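Survey of secondary and tertiary structure
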Amino acid sequence: MSTDLEVFPPLRPAPPSEPQAAPPLPGAAVAPSYLTEPHGWASWLFTTDHKRIAILYMVTVTLFFFVGGAAATVIRLNLIAPQGSLVSAELYNKLFTAHGIVMVWFFLIPVIPTVLGNFVLPMMIGAKDLAFPRLNLLSWYVFTAGAVITLTAVLFGGVDSGWTFYPPFSTRSSYTYVVPAAVGIIVTGFSTIMTGLNFVITVHTLRAPGMTWGRLPIFVWSNYATSLIMLLATPVLAAVLALIAVERLAGIGIFDPSLGGDPILFQHLFWFYSHPAVYIMILPGMGVVTELVTCFSRKTLFGYKFVAAASICIAGFGFLVWGHHMFVAGQSLLASIAFSALSYLVAIPSAIKVFNWTATMFRGSIAFEAPMLYAVGFILLFTIGGMSGLFLAALAVDQHVHDTYFIIAHFHFIMVGGMVSAYFGGLHYWWPKMTGRLYSRPWSRLAALLIFAGFFLTFLPQFVLGYLGMPRRYHHYPPEFQVLNVLSSAGASILAVGYVLPFFYLFHSLRWGKPAGPNPWQATGLEWQTASPPPKHNFEQTPVITRGPYEYATGGTDHAR
Amino acid sequence: MDLFAAIGMPEVPLFPDQASAHAGRVDRLFFFILAVTGGMGASVGLLLAVFAFRYRRRTAADRTPRITGFPLLEWGWTLGPILPFAVMFAWGLAVYRDNYAPPPDAYEVFVVGKQWMWKVQHPGGQREINELHLPAGRPVKVTLISEDVIHDFGTPAFRKKVDVLPGRYVTVWYEPTAPGRYRLFCNQYCGTGHADMVGAIVVQRPDEHSKWLRDHAEGSAALEGRKLFLKLQCVSCHRTDGDAKAPVLEGLYGRRVLLRDGSTTEADAAYIRDSILYPAKQVAAPWEPVMPTFQGQVSEEEVLLLVAYVRSLGRGDLPRPNNDTPPPIGAPTELPNAGGAKK
Ligand SMILES: [Cu+2]
Ligand SMILES: [Cu+2]
C-alpha cells in the first residue's frame, strides 16, 4: 500500500448541546487502552473484556469469510463453462455445501453481533462490559470449537448435502461427513444462544443513568431484536440437526418415508429456524446502517419510533413465514395461502426502514466517507433484494422461480449486498474506535465502489438466469445460459478484489495510520465520548445520558412529533 | 438477440419460452410486480441520488435541521404498501390455485424420479426416459413419485414445478399450447448427478402425438399390471368366486371405501399404493387385515402398473386364480378360502 493516507477533512466541532459523558477529571491519570494493558497472548485468550473478545471474534470470522469466499471463487470459476470443466460434480457439490455452511453459520450469523455488537453495544449504553463477561468469553471458545469441528468435516472430509441438509438425501443417500458437520453447527448454536442471552440481559440491566429505552441507539434495538430471535429459534435448529444424526446413525425413521418418516416435517422444522435466521443476519446490519446514515448526514433519525418498532416487528413476524420456502414442496393449499400473505406482511417493516433512512438524508450535510458509501450501497442493494422477495411471496411466481438462480440472486442481494455491506460499513466506521487509527481514505472509498459495482455485475444476471429456469446447485448447465454465467463470474472477480483490498489498507493503518482521536466522525454516540482505543472499562466515569442518540442537528426547524 | 449475433456470440435468450396458457398468466403477474417494485425502487433510488447530490457536504459548518419525524408521512408509507401487496398476493393465489383443479378429462401420465433419471409411463404402456411427449391443446395431468430422495419436476416453459417426494404421489397439470421441445430440469438437489437429471418436454401436434403413441405402444400399463397381478399372486385372494377373504377390486377406483375404523376414504392412486405397500395402514371393512405387504418386492414403477390395472377393472374383469405360480413371500401359506379354490 502506498503512503497516500490522508486525514479526513476537518469536521465541524461537536454540537454545542450538553455533553454526554463527563470529561475526565483534570489531572486524573488517563487509563491505558484495552489494546495495550494487560500484556501477552494469555491475557488475550483469557480476557473477559468485551472489546478484546470482539477482536478475537473478528479474527476468526474474517478467516471463515475468506474460506467461504474461496469456495465461492471455485464455484464461479467452474460455472464459466457450461460443462463445468474445473471441478468434478462431487467436488462441486461439496464446495457449494461448504460455501453455504461456512457463510451462514460462521460468518453472517455471528459477524455483526459478535464483532461490532460485542465491541460497541456495551459502550453505546454506557456500560463497562456485557452482563456476563465470562459467558462472553466462553461463547467464543464454544463458537471456535464448533467451527473447528464443522470446518474439519467440510474441508477435509467434505459434505455434499447442501447447507439445508434435506432428508432423505442427507440421511440415506449422502456418503459424506454429514453428522460431524451437524454436530459442529449444533455446538456453534450454543454460542449463539449465549451471545443472545448476554445481549438481552445487558440491555435490560446495564443501561447507564438516563439511558431510557427511547434513547437507545437503533443498533442496540436491532441487536436486542436479533438476540430474541437467537434465543427462540436456535434450539429448533439444534433439535432438527440432532434428529438428522439420529436417523443417519440409528436408522430410526423420522424423516425418511421408507422408514416411516416424513421429509416435509424436516422442512418445517428447518425453516422454522432458518427463516428467522435470515433476520438474525440482516437486523444487525440495519442497525449499523442507521448509525451510519445519521452520522454522515448529520441528521436526527427520521421516525425513531417507527424504526425501533420495525425491528421488533420483523423479529416477531419473522417467525410466521417459514412456509414460503415450501410452496412447491407439497404443503397444503391453505398453508401456502397463509404463508404467502404473511410474507407480504413482513415486507412492510423492512420497507419502513428504507423510507426512514432515505428521509433522514433529506436536508442533511452528507459526507461520502467509506462507511457512508457502504450504507448507501446497502440501502440500494437491500431494497432490490427485498423487492425481489415480493416476487417470491406471490405463489404463482414462486412456483416458477423456486430453486432457481432467481432465489440465489434474491438472497445474495440481501445477505451479501445488504449484510456484508453493512458489516464492512460498520467496520470502517468503528475501526478508528477499535484501533485508534485512521485508514486510507481513497483506498477505502475505492474498495466500497468496487464492491458495489462487482456485486451488481455478479448478481443481476442471476435474476435473468433464474427466470429463464436455470436451477440452483447445478455443476453444469445448458449452453444457452453461458453468457449470463460468464458475466456473473466476471462480476465476482471484481467483487473479490473489493473484498480483499480492505484487508490490506486496514492492516496498513494499524502501523502507519494517523491517530484517530476520540471522535473522528464527530458522531454523537456514547462510544465516541471516550478515548480511541477505549480504556479497559470504557469510560473514565459512568456517563449520564440526557438526550436521544442522534442529536446531530445544529439549528433550523424542529418538526418534532 | 441481434446484438449478440453481431459480435459473433451464440444466441442468448433473456426470457423463457411460453408453452402453456398458464405461462402467460404467470408472466403477466411477473410484469405487474416488476412494474410496481420497479417504480418503488426507482423512486427510492432517485431520492437517494437527489439527496446525495443536493445535500452533499459543502463546508464543515453546514447547518442541518432537527427533523425527528412526520407522522402522517410515516403512517402513509407504513399502510400505503398494503394495497399493492394485497393485489400481488391475491393475483398470485388466483393463478396458482388452478394447480389444484386439473380438468377431469386430462390425459394422464405417470412419472417416477430416481437418482438420476426420470421414468415416464403413458397409460397406453409407452415408456420414456428423460423425455415426456405431450399433445398440444389437451390438458395433461402428471402423477409423480420418487424412488429414493426428493427431486423436483421443473418445467420452465410451463412456469410450473413440483417437488417429487418419496412415498407419496403428487400431481401437477399443464395445458401445453405451443408444439416444441422444452427443457426439463430437476430443481431439487438430489446428489452427484443432480445436474444430469434433465431432459425434454416434447409438445406435439395432436396427430403427431397419436402417431408417436402408436409407434411406441408396447401393451398398455393396465395390461402390464395384469401380468404382475398374476405373478404376485394377488389373484389368490382378490377373486370373484366363492367366499373370498379379500375385497373384489372391480369398480373400486374412485369409489369411497369404508374402513374398519369406521371412516371412509376415496380409493385413489395413493390409496391403492398404500394398500399394496402398507396394507395395515387402512384396512377395508369388513375384511381381516391379512393382506401381506409387498414393500421391497415391487418398485414404484411396478406399483404404478398395478394401480393402472386396478383402475381398469370393471365388472367381471378379474381373472380366475392361477395356482401354477407360488404365493408371494409373506403371504399366508394357506389360501384364504382353500377348498373352494377350483370351480
Ligand atoms: Cu424465508
Ligand atoms: Cu435433483
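Residues numbered from 1 in each chain as written. Chains lettered and ligands numbered in written order. Predicted model: local features only at pLDDT ≥ 70, side-chain atom pairs only at ≥ 80, totals over all residues. Heavy atoms only, no water.

**Quick notes on the overall build of chain B**
Assigned secondary structure in chain B consists of eight helices and twelve strands. Counting all 343 residues of chain B, 51% fall into the buried class. By sequence separation, contacts in chain B at least 24 residues apart represent 66% of the contacts at least 6 residues apart. Split by element, the accessible area of chain B, about 16,000 Å² in all, is 59% carbon and sulfur. (Helix = DSSP H or I, 4+ residues; strand = E, 2+ residues; numbered from the N terminus. Buried < 20%, exposed > 50% of the residue type's maximum accessible area, 1.4 Å probe, protein only. Contact = heavy atoms within 4.5 Å. Areas by Shrake-Rupley, 256 points an atom, 1.4 Å probe, with all protein chains shown as cover.)

**Focus: the overall build of chain A**
Secondary structure assignment for chain A yields 15 helices and zero strands. For a compact globule of 561 residues, the expected C-alpha radius of gyration is about 24 Å, and chain A comes in at 23 Å, within 12% of that figure. Counting only C-alpha atoms, chain A reaches 75 × 50 × 45 Å along its principal axes. Counting the 561 residues in chain A, one finds 66% classified as buried. A sequence separation of at least 24 residues applies to 84% of the contacts in chain A between residues at least 6 apart. Between the centroid of the 27 positive side chains of chain A and the centroid of its 20 negative side chains there is a distance of 8 Å. (Rg over C-alpha atoms; globule rule 2.2 N^0.38 Å. Lys, Arg positive; Asp, Glu negative; His and termini not counted. Charge placed at Lys NZ, Arg CZ, Asp CG, Glu CD.)

**Notes on the sheet that holds strand β7 (residues 160-164) of chain B**
Residue and element names in this part refer to chain B. Read from one edge to the other, the open sheet built from five strands follows the order β4-β10-β9-β6-β7, with strand pairing classed as mixed. Of all strands in the sheet, those with a lone pairing partner are β4 (131-135) and β7, marking the two edges. Adjacent strand axes in the sheet meet at a mean angle of 20 degrees, parallel and antiparallel pairs treated alike. Where β4 lies against strand β10 (residues 199-204), five bridges are found, and the strand directions are parallel. The partner of Glu131 across the bridge, within β10, is Ala200. (Pairing = 2+ DSSP bridges. Axes fitted to C-alpha atoms, helices over the stretch in contact; angles between N-to-C directions.)

**Focus: the coordination of the copper ion (ligand 2)**
Residue and element names in this part refer to chain B. Of the protein atoms, only Cys186 (SG), Gln188 (O), Cys190 (SG) and His194 (ND1) coordinate the copper ion (ligand 2), at distances of 2.1 to 2.5 Å. The site at the copper ion (ligand 2) holds four donor atoms, and with the angles between them running 87 to 127 degrees, its shape is tetrahedral. For the copper ion (ligand 2), all donor residues lie on one chain, and their spacing in sequence is C-x1-Q-x1-C-x3-H. Classification of Cys186 as buried rests on a relative accessible area of 0%. (Donors = N, O, S within 2.8 Å, 3.2 Å for Na, K, Ca; no water. Tetrahedral: all angles 85-135°; square planar, octahedral: opposite > 155°, others 65-115°.)

**Let's talk about the sheet that holds strand β3 (residues 127-129) of chain B**
All names here are of chain B. Pairing in this open sheet of five strands is mixed, and the strands run β3-β2-β1-β5-β8 from one edge to the other. The open sheet has two edge strands, β3 and β8 (170-174), and neither has a second partner. Averaged over all neighbouring strand pairs, the angle between strand axes comes to 25 degrees, with direction disregarded. As paired elements, strand β1 (residues 107-114) and strand β5 (residues 140-146) share seven bridges and run parallel to each other. Within β5, the residue paired with Phe110 across the bridge is Thr143.

**Regarding the interface of chain B and chain A**
Counting from both sides, the interface comprises 87 residues of chain B and, opposite them, 105 residues of chain A. Carbon and sulfur atoms supply 65% of the area buried between chain B and chain A, which totals about 8,300 Å² over both sides. Summed over the three residues of chain B that lose the most area to chain A, namely Arg57, Arg66 and Tyr189 of chain B, the buried surface amounts to 11% of that side. The tally of links between chain B and chain A comes to two salt bridges. A salt bridge links Arg66 of chain B to Glu551 of chain A, with the nearest nitrogen and oxygen atoms 2.7 Å apart. (Buried area = accessible area lost by both parts, 1.4 Å probe. Salt bridge = Lys/Arg side-chain N within 4 Å of Asp/Glu carboxyl O.)

**Section: the coordination of the copper ion (ligand 1)**
For a metal with four donors in a tetrahedral arrangement, the ideal angle between donors is 109.5 degrees, while six donors in an octahedron ideally sit at 90 or 180 degrees. Residues and elements named next belong to chain A. Protein coordination at the copper ion (ligand 1): the donors are His275 (ND1), His324 (NE2) and His325 (NE2), at 1.6 to 2.1 Å from the metal. Coordination of the copper ion (ligand 1) draws on donor residues from a single chain, spaced H-x48-H-H in sequence. Of this pair, His275 sits in helix α8 (residues 263-297) while His325 sits in the loop between α9 (304-317) and α10 (333-361), and the two are 50 residues apart along the sequence. Take His325: its relative accessible area is 18%, and that puts it in the buried class.

**Focus on the pairing of strand β6 (residues 151-155) of chain B**
All names here are of chain B. Along β6, five of the five residues are buried, which leaves the element largely enclosed by surrounding structure. Neither face of β6 is open: one carries His151, Phe153 and Thr155, the other Asp152 and Gly154, and all of them are buried. By the bridge criterion, five bridges tie β6 to β7 in an arrangement that is antiparallel. Across the sheet, residue Asp152 finds its bridge partner in β7, namely Asp163. What sits between the antiparallel neighbours β6 and β7 is a turn of four residues, in which Arg159 has the positive phi angle 55 degrees.

**Quick word on a nonpolar patch on the surface**
Residue and element names in this part refer to chain A. Together, Phe66, Val500, Phe503, Phe504, Phe507 and Leu510 line one region of the surface with nonpolar side chains, adding up to about 540 Å² of accessible area. Position of Phe503 relative to the elements: it lies in helix α15 (residues 482-512). Phe503 gets classed as partly exposed once you look at its relative accessible area, which sits at 38%. (Patch = residues over 30% accessible without salt bridge, like charges linked within 9 Å, V, L, I, M, F, W, Y side chains within 5 Å.)

**A word on the domain arrangement of chain B**
As a measure of interface size, the accessible area lost when the parts come together is often cited. All names here are of chain B. Partitioning chain B into structural domains gives domain 1 (107-215) and domain 2 (221-312). For domain 1 and domain 2, the distance between their C-alpha centroids amounts to 26 Å. Facing 16 residues of domain 1, the contacting portion of domain 2 comprises 13 residues. Carbon and sulfur atoms supply 55% of the area that domain 1 and domain 2 bury against each other, a total of about 1,300 Å² over both sides. Applying the counting criterion to the domain 1 and domain 2 interface returns two salt bridges. Between Glu301 and Lys119 there is a salt bridge, and its shortest N-O distance comes to 3.2 Å. Linking domain 1 with domain 2 are five residue pairs in polar contact (both at pLDDT 80 or more). Breaking the side of domain 1 that touches domain 2 down by element, the ones donating at least two residues are β1, β2 (117-121) and β5. Sort the elements by how many residues they give to the side of domain 1 that touches domain 2 and β1 lands first, with three residues. In the side of domain 1 that touches domain 2, the residues fall into five nonpolar, six polar and five charged. (Domains from an automatic or database assignment. Polar contact = N/O pair within 3.5 Å; in protein donor to acceptor, adjacent residues only side chain to side chain. Nonpolar A, V, L, I, M, F, W, Y, C, P; charged D, E, K, R; others polar.)

**Here we look at a positive patch on the surface**
A cluster of basic residues, Arg363 of chain A together with Arg54, Arg56 and Arg58 of chain B, forms a positive patch on the protein surface. Residue placement: Arg58 of chain B occurs in the loop between α2 (21-54) and α3 (71-79).

**Describing the pairing of β8 of chain B**
Residues in a regular strand point their side chains to alternate faces of the sheet. All names here are of chain B. Counted residue by residue, β8 has four buried out of five residues, so it is predominantly covered. Looking at chain direction, β5 and β8 are connected through five bridges and run antiparallel. Residue pairing for β8: Leu144 is matched across the bridge by Val170.

**As for the nonpolar core**
In this structure, Trp105, Tyr423 and Tyr429 of chain A together with Phe153 of chain B are the most contacted members of the largest nonpolar core, which totals 244 residues. For this core, the element with the most residues is helix α3 (residues 89-124) of chain A, which contributes 22 residues. (Core = buried A, V, L, I, M, F, W, Y, C linked by side-chain atoms within 4.5 Å.)

**Details of the pattern of salt bridges**
What the rule picks out here adds up to 20 salt bridges over all chains. Lys51 of chain A is the salt-bridge partner of Asp49 of chain A, the closest N and O atoms lying 3.1 Å from each other. Neither Asp49 of chain A nor Lys51 of chain A differs from the other in exposure class; each is buried. Here the salt bridges share partners, and the residues they tie into one network are Arg273, Asp274, Lys281 and Glu300 of chain B.

**A few points about the packing of α10 of chain A against helix α4 (residues 82-97) of chain B**
Look at α10 of chain A against α4 of chain B: their axes get within 10 Å of each other, and the N-to-C directions meet at 160 degrees. Between α10 of chain A and α4 of chain B, the angle falls in the class roughly antiparallel. Where α10 of chain A crosses over α4 of chain B, the two elements pack in a sense that is right-handed. Residue-level contacts link Leu333, Ser336, Ile337, Ser340, Ala341, Tyr344, Ala347 and Ile348 of chain A of α10 of chain A to Ile82, Phe85, Met88, Phe89, Leu93, Tyr96 and Arg97 of chain B of α4 of chain B. (Parallel < 35°, antiparallel > 145°, perpendicular 65-115°, else oblique. Left-handed = near helix turned anticlockwise from the far one by under 90°.)

**Here we look at empty space enclosed by the protein**
Residues and elements named next belong to chain A. Enumeration over the complete set of coordinates arrives at six cavities of 30 Å³ or more. When its volume is computed, the largest cavity comes out at roughly 100 Å³. In terms of residue class, the lining of the largest cavity is made up of ten nonpolar, four polar and four charged. The computed volume of the second largest cavity comes to approximately 60 Å³. Taken together, Trp105, Ile109, Pro110, Pro113, Thr114, Phe143, Thr188, Ser191, Thr192, Thr195 and Met230 make up the lining of the second largest cavity. For the lining of the second largest cavity, the element with the highest residue contribution is α3, accounting for five residues. Grouping the amino acids of the lining of the second largest cavity by side-chain chemistry returns six nonpolar, five polar and no charged. (1 Å grid on protein atoms, 1.4 Å probe; cavity = no way out; pocket = protein on both sides within 12 Å on 5 of 7 lines; lining within 4 Å. Points joined across faces, edges and corners; volume = space filled by probe spheres on them.)

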